[in-house]
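# Coordinate analysis (summary)
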Amino acid sequence: MSIDKKGNYIDISVNHLDEEWLAQPRRYLQESEGLAEAKRDYAEAKAAVDVVSAEVEIAVRKNPKKFGLDDEKKPTESAIRIVVTVDERVKKAISRMNESRYQMDLHQAAVDALEHRPSALKDLVNLWQLGYLMTSKGPPGPPNQKLGVSREEVSGKRKNNED
């Protein structure tokens, strides 16, 4: 499972706030489902590492010579652990586990971003209602009606503050 990197959950179109709000629950559900699947994939990959490691450990104990250990005496636990760690099958399983962990983290980041989106959308809607945002749709009534100032006065105040 790979996260769709086309999904941009940070940029919000101020000209389409209504569409952004309507899409929010669907996006959240999709990413939450993706996160659940990624968590399952990670758990399976982690279990696979344990299984492969155990299989290699059993093989080492049965035939230490095959793995470069002295078969005249019983191999030490640390020697077995080292052989298991460097075994190619274990390395591949760990690599798959790390990739699944990365995918899980990407999905978690997307879910986290989507959890913050509603407050950003609310703030943008408030700014739009106050006439602060210049959109093609624009708020009903004269600009800045609720603030009691014109756009020119607001721009003039900003210019004076920058000086």
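Residues numbered from 1 in each chain as written. Predicted model: local features only at pLDDT ≥ 70, side-chain atom pairs only at ≥ 80, totals over all residues. Heavy atoms only, no water.

Averaged over all residues, the pLDDT of the protein chain equals 80, while 75% of them reach at least 70. Taken element by element, the protein chain is modelled with least confidence in helix α4 (residues 151–162), mean pLDDT 50, and with most confidence in helix α2 (residues 77–86), mean pLDDT 94. In this model, residues 142–151 is a region of pLDDT below 50 whose contacts with residues beyond four sequence positions or in other chains number 18 contacts. (pLDDT = per-residue confidence, 0-100. Helix = DSSP H or I, 4+ residues; strand = E, 2+ residues; numbered from the N terminus. Contact = heavy atoms within 4.5 Å.)

Here we take up the side chain of histidine 107. Within the element layout of this structure, histidine 107 appears in helix α3 (residues 88–129). By relative accessible area, histidine 107 is classed as buried at 3%. A distance of 3.0 Å separates a polar atom in the side chain of histidine 107 from a polar atom in the side chain of glutamate 31. (Buried < 20%, exposed > 50% of the residue type's maximum accessible area, 1.4 Å probe, protein only. Polar contact = N/O pair within 3.5 Å; in protein donor to acceptor, adjacent residues only side chain to side chain.)

Turning next to the pattern of salt bridges. Scanning the model with the defined rule gives seven salt bridges in all. Residues aspartate 87 and arginine 89 are paired through a salt bridge, measuring 3.1 Å at the closest nitrogen-oxygen approach. Owing to a relative accessible area of 45%, arginine 89 belongs among the partly exposed residues under this scheme. Close ionic contact of glutamate 88 with lysine 91 constitutes a salt bridge, the shortest N to O distance being 3.5 Å. You can see glutamate 88 and its partner lysine 91 sitting in helix α3, three residues apart, about one turn around the helix. Residues joined by salt bridges that share partners form a network here, namely Arg40, Asp41 and Glu44. (Salt bridge = Lys/Arg side-chain N within 4 Å of Asp/Glu carboxyl O.)

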